[in-house]
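Listed below, chain by chain, are the residues.
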Amino acid sequence: MSGREMQFIEEAFADNWVVPLGPNVNGFEADLERFVNHRDGAEPLSKRVVALSAGTAAVHLALLACGVGPGDEVLVQSFTFCASSHPVTYLGATPVFVDSEKDTWNMDPALLREAIQDRIAKTGRKPKAIVPVYLYGMPAKIDEIMEVAREFDIPVVEDAAEGMGSRFDGQVCGTFGRYGVLSFNGNKMITTSGGGALICPDEAMWREIMFYATQAREAYPYYQHEKIGYNYRMSNICAGIGRGQMTVLDEHISHHKHVHAMYAELLKDVPGITLHDNPSPRYDSNFWLCNILLDSDLRIKGETDVYKDTVKGAVGGAAGVTHAATSAHTDVEPNRNVEALRVALDKANIESRPLWKPMHRQPVYASNPAYVNGVSDALFRRGLCLPAGPYVTDDDIHYIVDTIKASIEA
Ligand SMILES: *Cc1c(COP(=O)(O)O)cnc(C)c1O
C-alpha cells in the first residue's frame, strides 16, 4: 500500500460513503477510463468503465449483455483460470473450449474459425460470444481473433483480468472487443482487496451494465423490477484502495517487466529451460507472471520421488480449498521434472506453481465440446510460474535462478 490508499479510505469514512457507490467509485472509474483509453501515437479511445465487486462478475455481466442465455454456446479459451468459463454456466449456457497457439499461449485464431464453422454445422446456430484471455498478461493475437469475430459477427469479451496494462500495437488489452474484463483481486496487477471492472464500448452499454450491476431497478420512487439483476457494484471503500493503487500501477508494471528481463538474462544460458516472452515487438506483456518451460529430457534432482503422496492443501496454500485430494495423480499433470523443481523451490522457501490446467481437462467440463491441438496440454505438462510480484527483489531473482540451476542434475 502506498499511503494514498489510506487517505482515500479515510475520506470515505469521514464523508459517510461506506456503501457500494460514492466519490471513490466514480473517481476510480474515471482513473481506469483514462488508463484504458490511452493509445501510443493515436487519438484516445472513448470506452466507459463500470467498477464491480469481482472480475468474475464482470465476465458474467458482459456475457449477459451479449445476450447469452440458456441453451446458448460461448467459445472460451481453454487455457485459462476458471473465472473465464464459469459465468457461461451461471447463465445456463455451455462453454465450448478453444485451444491456444504456441506464440502467445492464448486462443488460436485458426482453431477459433474451425470451431465456429463446426458449431454452426453441428447445432445450426452461431455461438453467442467469444472469450479470449490474456493469460499471464501476454497479449493474444487479438487482431486475428477480431477478424474472425467480425467475419461471423460474434461479439468478443476480452478477459484481461491478468493483462491489465498489457498492450498490443500500443493499445491497452481489453479495449479491442465489445467488452473487456479487469480484475483487482489480491494477486493481480493492482488490488482493491477484491474487485473487478468491465470496460464498455459506449455510454448506452455502460448504462445497461450499471443497471444489471445494481439489481436492475427501474426509475420509480419505489422498487420496481422488470429484469433480474445482480448486486455486483464495487464498494466505495474498495474503490478508495483502487484509486491509491492507480497511482502505483505504472510502477508495478515496470517492476514486473524488470523481473522478467532479469529472469531472461539469468536463464538465457541454462539449457532445457525456456522463458515465455513477447513473440514480437507488437506484443507488450505486463509480465504479471513469469513462466518457464522445462524440456522433457531435462533431469531435475529427486524427480523419481515425486507424486508419491497426495498434496496436503492446494498449491500455494490457497485459501478456501476445503476438499482434500483423493489421489496423488489426475489424468493430466505436470511432468515429473516440473513437479521435482516445484518441490525443490518450495524447500528453498520459493513459491512457484504449475501453469493453469486447461479447462477442457477439468472434470467439471468433461462433456463440453472442445477444439484442441495439444498446445495447452503440453504447456501444462512442461510449465512453471516463477515469483514476480511487487516484493520480489533483484537478490530474490538471483537466489531463485541459483536454486533452479542447483536443482538440475549435472
Ligand atoms: C482472476 C481472474 C479472473 C477473475 O477475477 P476475480 O476478480 O478473481 O473474480 C478472470 N479471469 C482470469 C483469467 C483471471 O485470472
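This text gives an overview of the structure that appears in the document.

Turning our attention to the environment of Gly-165. Its place among the elements puts Gly-165 in the loop between strand 5 (157-159) and strand 6 (167-168). For the pair Gly-165 and Ile-253, spaced 88 residues apart in the sequence, the C-alpha separation amounts to 7.3 Å. Setting aside chain neighbours within four positions, we find Gly-165 in contact with Phe-35, Ile-253 and Asn-286.

Another point: the environment of Pro-127. Position of Pro-127 among the secondary structure elements: in the loop between helix 5 (109-123) and strand 4 (129-131). On the basis of relative accessibility, which here comes to 3%, the residue Pro-127 falls in the buried class. In this structure the C-alpha to C-alpha distance between Pro-127 and Glu-73, which are 54 residues apart in sequence, comes to 4.9 Å. For Pro-127, the residues in contact, after removing those within four places along its chain, are Glu-73, Leu-75, Ile-116, Arg-119 and Ile-154.

So, on to unusual backbone geometry. One non-glycine residue, Phe-287, adopts positive backbone phi at about 50°. Mapping Phe-287 onto the fold places it in the loop between strand 11 (283-284) and strand 12 (290-294). Accessibility expressed as a relative area gives 7% for Phe-287, which makes it buried. For Asn-349, which is not a glycine, the phi torsion comes out positive at approximately 70°. You can see Asn-349 is positioned in the loop between helix 10 (336-347) and strand 13 (353-354).

Time to look at the packing of helix 10 against helix 12 (residues 394-407). Interaxial distance between helix 10 and helix 12 falls to 10 Å at its minimum, and their mutual angle equals 130°. Looking at the two axes, helix 10 sits oblique to helix 12. For helix 10 against helix 12, the interelement crossing comes out right-handed. Together, Leu-341, Ala-344 and Leu-345 of helix 10 and Ile-400, Thr-403, Ile-404 and Ser-407 of helix 12 make up the contact between the two elements. Partitioning the contact of helix 10 with helix 12 into residue classes produces five nonpolar, two polar and no charged.

Each value, and the rule that gives it
- Residues numbered from 1 in each chain as written.
- Predicted model: local features only at pLDDT ≥ 70, side-chain atom pairs only at ≥ 80, totals over all residues.
- Heavy atoms only, no water.
- Helix = DSSP H or I, 4+ residues; strand = E, 2+ residues; numbered from the N terminus.
- Contact = heavy atoms within 4.5 Å.
- Buried < 20%, exposed > 50% of the residue type's maximum accessible area, 1.4 Å probe, protein only.
- Axes fitted to C-alpha atoms, helices over the stretch in contact; angles between N-to-C directions.
- Parallel < 35°, antiparallel > 145°, perpendicular 65-115°, else oblique.
- Left-handed = near helix turned anticlockwise from the far one by under 90°.
- Nonpolar A, V, L, I, M, F, W, Y, C, P; charged D, E, K, R; others polar.

Distances and angles like these do not, on their own, reveal function.
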